[in-house]
Structures are given as C-alpha cells and as structure tokens.
Amino acid sequence: MDDLLKKYLEGDTNRIENRDVFEWIRQSDKNEQKFKALRRLHDIAIWRDDATSAPVVRKKVQKRNVSIFIRITAACILAMALFYFYQQVSDSDIEWIVGQSDAGMQEMSVPTGQYAELVLDDGTKVWLNSKSTLIFPSRFIDTERVVWLSGEGYFEVAHDSGRPFKVETQQYSIEVLGTEFNVRAYEGLQLFETSLLEGSVMVRSIQTSEDLYLKPNERAIGKDSELNITSFNKDEFLWREGILFIDNKSIYEILPVLEQYFDTKFIIEEDSVEKHKKYTGKFRIQDGVEHILNVLQIQNTFSYEMHQEDKTIIIK
C-alpha cells in the first residue's frame, strides 16, 4: 500500500487506483492518520530549494536570472477536501454540457474546476481543461479534420497522412498530421500558447498569416499578433490528472490561474505581497483555493478575506 500512496501523492494514479486509496483511508482512523503524515512530508518536499532559470526565447530574446530559495519551516496545512468531494460527488453527478452545435456538429463544455477526456471519430484523444469548449463533427468526412477550441485542450492526434488535423481558435490555427500537443487559447485573454510534445505542428496567425513550425519540446506564444518560440515544463500538463503545477511564478501570475479553476475574482491591495517573489509547486485542484493560498502564505506574509456573495477574495 505504501507504494500506491506514494504514487497517489505524486499524481501518477488512475481513477481505479484513486478509488483504492480512498477506500483504504476510510477503513480506519489509523489509515487516515498515516496518510496525513505522508501527505505532510510530501507537501514539504514539493516546496524545495531550487534554482530555476527562465526559458530561452527565440526571435525576441528575454534574459532573466532568477534564483528561487524556498524553505518550509512549518508543516503545510493538510486538506482532506478531495476525500470529502469523492464521498459526495460521483462521476455520474458531474454534468458535462454536451449538445448539438450545427448540423452534424457536437459541442462539449467543461465546468469550472473540472476536466474531461473524449475520443473523436478518428481515434484522436482530447483532454479539455476547466472552462473550455470544443466543437467537433460527429464524423470526419472532409479532406481535413477540423475542430474549434475555446480554452485549453491537450490533443493526441491519430495519424492520417491524407487528412490533416486542424485546431481553430479565435486568433490562431494549428495544423498537424499526427502528433501530441497542448493548446491554451481562452477567449478574453491576450496570450495564446501551443506546446508540442511529439511530432510537428504548424501554427498560423489568422490576422497576419504568419506561419511558425514547432519541433518537440518547443512552445509557440502568440501575443499582440506576433509569434515567438520558447520551451516548457511537461509538468504543466498534469491538469489532465487534476493537478495544478506552478513553475517559477509570482503571486500576480498565479492568481489569474486560480481565477480560472475556482471561478473567483482576486483583488490585491497595494504592497500586500512581494511582486518579484517566485513560487514552484504542485497542488491537487480539488483541495480547493484556500489550501493553495494557505501554502503560499508560508512564503509570503499576506492575509486574505473571502466574500462568498460575489465570489471575491481580497489579498491584504
């Protein structure tokens, strides 16, 4: 059981293994206490001493030499919200919004704080992140396989040399034959990202018609109608397993991500947090926003005030 618990805390378990862990914890108080002790050690280990440098950017070179020295001197706050959630909500209780779009088209929308997996007609696997929508045909019958994405999606595209696969977003188009990549294109946000894990993709700006070809482990970033290439950390895509990975980000960069996952608006009072302090760590999304804020407080002396009526959190 120890190996399974370690695997669970590292976010490497599947749904069946998760259920085994939940059942084992509920069997006795002794099991629950053992899990809490392992969780405490794991949380402390995650927030590690690290020296992280910024990605290297092609075309527009940006240099940052930022060292992070993170030490936890107090035990992290334990959250058992995941187990409460598991006991209260089953898979059948989560209502994914799936319906007809146009003739022969399907639309799938994922609620705030959730994620979903689906398989398209050609065998392509798609994972959709929180607050994302995918429009796709019931069957691919044309010479191109085209889907439309708003939000974030991870694609494992089934190879078909005769029919390119295209992901259309509001500002950019991504074309592949068969590959594995992630697209982040939330409407209302100025930043667009495509990260390539395997194969090759072409990213095209709809506004300027600029093309950019990616190689594995490269990311295209689109901002202000210009495309640049940088690198990425594969742990960023642990959201497919319900894990939020924070990589060398400030509070000002973290809070917009938390707004996406928890449908909450953050307001930061002036000079309440250090603007240049960076954080690296992993969180289970279902542990809740307060758990994340409590861990961040260990490294930064801020307080927060929650207003449930308008879903606002004020950082003081």
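Description of the structure in this document. (Residues numbered from 1 in each chain as written. Predicted model: local features only at pLDDT ≥ 70, side-chain atom pairs only at ≥ 80, totals over all residues. Heavy atoms only, no water.)

In terms of strand pairing, strand β5 (residues 116–119) meets strand β6 (residues 125–128) through 4 bridges, oriented antiparallel. Directly across from A116, in β6, lies its bridge partner L128. Hairpin connection from β5 to β6: 5 residues lie between these consecutive antiparallel strands, with G123 at a positive phi of about 95°. Taken together, the 4 bridges between β6 and strand β8 (residues 145–156) define a ladder with antiparallel strand orientation. Bridge pairing in β8 places K125 opposite E156. (Pairing = 2+ DSSP bridges. Helix = DSSP H or I, 4+ residues; strand = E, 2+ residues; numbered from the N terminus.)

Axis separation between helix α5 (residues 251–262) and helix α6 (residues 289–299) bottoms out at 11 Å; the angle between their running directions is 165°. The pairing of α5 with α6 is recorded here as roughly antiparallel in orientation. Handedness of the crossing formed by α5 with α6: right-handed. Along its contact with α5, which presents I251, I254, L255, L258 and F262, the element α6 presents V289, I292, L293 and L296. Here the contact of α5 with α6 is built from residues that sort into 9 nonpolar, no polar and no charged. (Axes fitted to C-alpha atoms, helices over the stretch in contact; angles between N-to-C directions. Parallel < 35°, antiparallel > 145°, perpendicular 65-115°, else oblique. Left-handed = near helix turned anticlockwise from the far one by under 90°. Contact = heavy atoms within 4.5 Å. Nonpolar A, V, L, I, M, F, W, Y, C, P; charged D, E, K, R; others polar.)

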